[in-house]
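Listed below, chain by chain, are the residues.
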Amino acid sequence: MKGNLPLQPLRVACQVTFDQIKSQRASLGDANSSDQHALSHIDRAVALLKTSMDALSDDLLSGAESCKNALAAAIRELRFAASTTPGLSMVDLTCACCAIPDADLNLKTRPGVIS
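Residues numbered from 1 in each chain as written. Predicted model: local features only at pLDDT ≥ 70, side-chain atom pairs only at ≥ 80, totals over all residues. Heavy atoms only, no water.

### Re the nonpolar core
Looking at soluble globular proteins, one finds that nonpolar side chains tend to be buried together. Core analysis: the largest hydrophobic core is formed by six residues, namely Phe-18, Ala-45, Val-46, Leu-49, Met-53 and Ala-74. Tallying contributions element by element places helix H2 (residues 36-55) first for this core, with four residues. Ignoring any residue separated from it by four or fewer positions in sequence, one finds Ala-45 in contact with Ala-74, Glu-77 and Leu-78. (Core = buried A, V, L, I, M, F, W, Y, C linked by side-chain atoms within 4.5 Å. Buried < 20%, exposed > 50% of the residue type's maximum accessible area, 1.4 Å probe, protein only. Helix = DSSP H or I, 4+ residues; strand = E, 2+ residues; numbered from the N terminus. Contact = heavy atoms within 4.5 Å.)

The following block contains the structure:
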């Protein structure tokens with residue numbers, strides 16, 4: 001394979017999520033003039049997300065810094081849009097649990113219990 005790894009599941013997940021983001025953005029259509037400023041920040045964030053995906057290499061190493069910088073810029077755009085738009089806010093998922101529920105894994109365990 002000459003040093004190239006096959007496409008990573010991460011890349012596929014990024015593309016699926018990006019496609020959903022583009023679809024949601026398209027469903028918004030054109031904004032009222034009062035929302036145009038926030039929408040321009042959202043559009044820039046979407047473009048930066050695409051830039052971050054394009055920077056992600058198959059080996060997940062080269063381009064990592066460019067990917068990280070584009071993601072950070074996208075987050076800044078979204079924070080600005082949220083801070084200036086009534087009814088729009090960022091959600092902090094820093095401490096969120098992203099684990100798959102035990103039921104989805106067909107497990108009969110919970111923290112502290114082994115069966």
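### Observations regarding the layout of surface pockets
The space that makes up the largest pocket amounts to roughly 280 Å³. Forming the walls of the largest pocket are 14 residues, and the residues nearest its centre are Ile-21, Ile-42, Val-46, Leu-78 and Leu-88. If you list the elements that add at least two residues to the lining of the largest pocket, you get helix H1 (9-28), H2 and helix H3 (64-84). Within the lining of the largest pocket, the residues separate by chemical class into 11 nonpolar, two polar and one charged. (1 Å grid on protein atoms, 1.4 Å probe; cavity = no way out; pocket = protein on both sides within 12 Å on 5 of 7 lines; lining within 4 Å. Points joined across faces, edges and corners; volume = space filled by probe spheres on them. Nonpolar A, V, L, I, M, F, W, Y, C, P; charged D, E, K, R; others polar.)

### Quick word on the packing of H2 against H3
Orientation of H2 relative to H3, taken along the N-to-C sense of each, is 165 degrees, at an axis distance of 8 Å. Relative to H3, the element H2 is oriented roughly antiparallel. The hand of the H2/H3 crossing is left-handed. Facing His-37, Ala-38, His-41, Ile-42, Arg-44, Ala-45, Leu-48, Leu-49, Thr-51, Ser-52 and Ala-55 of H2, the residues of H3 in contact are Ser-66, Cys-67, Ala-70, Leu-71, Ala-73, Ala-74, Glu-77, Leu-78, Phe-80 and Ala-81. When the residues that make up the contact of H2 with H3 are grouped by side-chain class, the tally is 14 nonpolar, five polar and two charged. (Axes fitted to C-alpha atoms, helices over the stretch in contact; angles between N-to-C directions. Parallel < 35°, antiparallel > 145°, perpendicular 65-115°, else oblique. Left-handed = near helix turned anticlockwise from the far one by under 90°.)

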